[in-house]
Structure formats: C-alpha cells, structure tokens
Amino acid sequence: MATNKVALQVRLDEKVHAKLRIVAEEEVRSLNSQIEYFVIKGIQKYEQENGMIELENS
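Described below are features of the structure shown in this document. (Residues numbered from 1 in each chain as written. Predicted model: local features only at pLDDT ≥ 70, side-chain atom pairs only at ≥ 80, totals over all residues. Heavy atoms only, no water.)

By the secondary structure assignment, glutamate 47 is in helix α2 (residues 31-50). Sequence-distant contacts of glutamate 47, defined by excluding residues within four places in its chain, comprise Met52 and Ile53. (Helix = DSSP H or I, 4+ residues; strand = E, 2+ residues; numbered from the N terminus. Contact = heavy atoms within 4.5 Å.)

And the structure:
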C-alpha cells in the first residue's frame with residue numbers, strides 16, 4: 001500500500017455519486033481509483049491549456 005497518499009473527504013451530489021459508481025464498475029476500478037483517475041485527467045487537461053504546474057518539492 002502506498003504511504004504517500006493523502007486521505008480526503010469528498011461530498012458529492014447523490015446523482016453524481018451514483019453515476020461515478022457505474023463508471024467505476026464499467027472501468028473495473030474501485031470508486032477511489034476512479035476518482036483519482038478523473039482528478040489526474042483533469043490536471044493533465046488543465047496543464048495542457050495553462051502550462052505545467054511546478055511543485056517546489058518534486
């Protein structure tokens with residue numbers, strides 16, 4: 001298990017949660033993995049449009 005993961009609490013609309021569960025099942029991912037995948041894709045899209053996000057400690 002990765003030790004560099006941060007635990008978050010996320011509040012979702014019930015319909016969004018239900019749809020997210022369906023997508024995760026169809027993609028054979030856990031709900032957590034599906035959320036992480038969508039976040040990564042969102043960051044990649046943001047960086048394509050706005051440039052790389054530079055982190056101080058990486």
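Size it by volume and the largest pocket reaches roughly 550 Å³. Lining the largest pocket are 13 residues, and of these Val6, Leu8, Asn32, Glu36 and Val39 sit closest to its centre. Of the residues contributing to the lining of the largest pocket, the split by class is 8 nonpolar, 3 polar and 2 charged. (1 Å grid on protein atoms, 1.4 Å probe; cavity = no way out; pocket = protein on both sides within 12 Å on 5 of 7 lines; lining within 4 Å. Points joined across faces, edges and corners; volume = space filled by probe spheres on them. Nonpolar A, V, L, I, M, F, W, Y, C, P; charged D, E, K, R; others polar.)

This part covers the side chain of glutamine 34. Within the fold, glutamine 34 resides in helix α2. Judged by relative accessible area, glutamine 34 falls into the buried class, the value being 1%. If sequence neighbours within four positions are ignored, glutamine 34 has contacts with Leu20, Val23, Ala24, Glu27 and Arg29. (Buried < 20%, exposed > 50% of the residue type's maximum accessible area, 1.4 Å probe, protein only.)

Let us look at α2. With 20 residues, α2 should cover 28 Å at 1.5 Å per step; its first-to-last C-alpha distance of 28 Å lies within 8% of that length. Two residues or fewer after α2 comes glycine 51, characterised by a positive phi angle close to 95 degrees. (Expected span 1.5 Å × (residues − 1).)

Distances and angles like these do not, on their own, reveal function.
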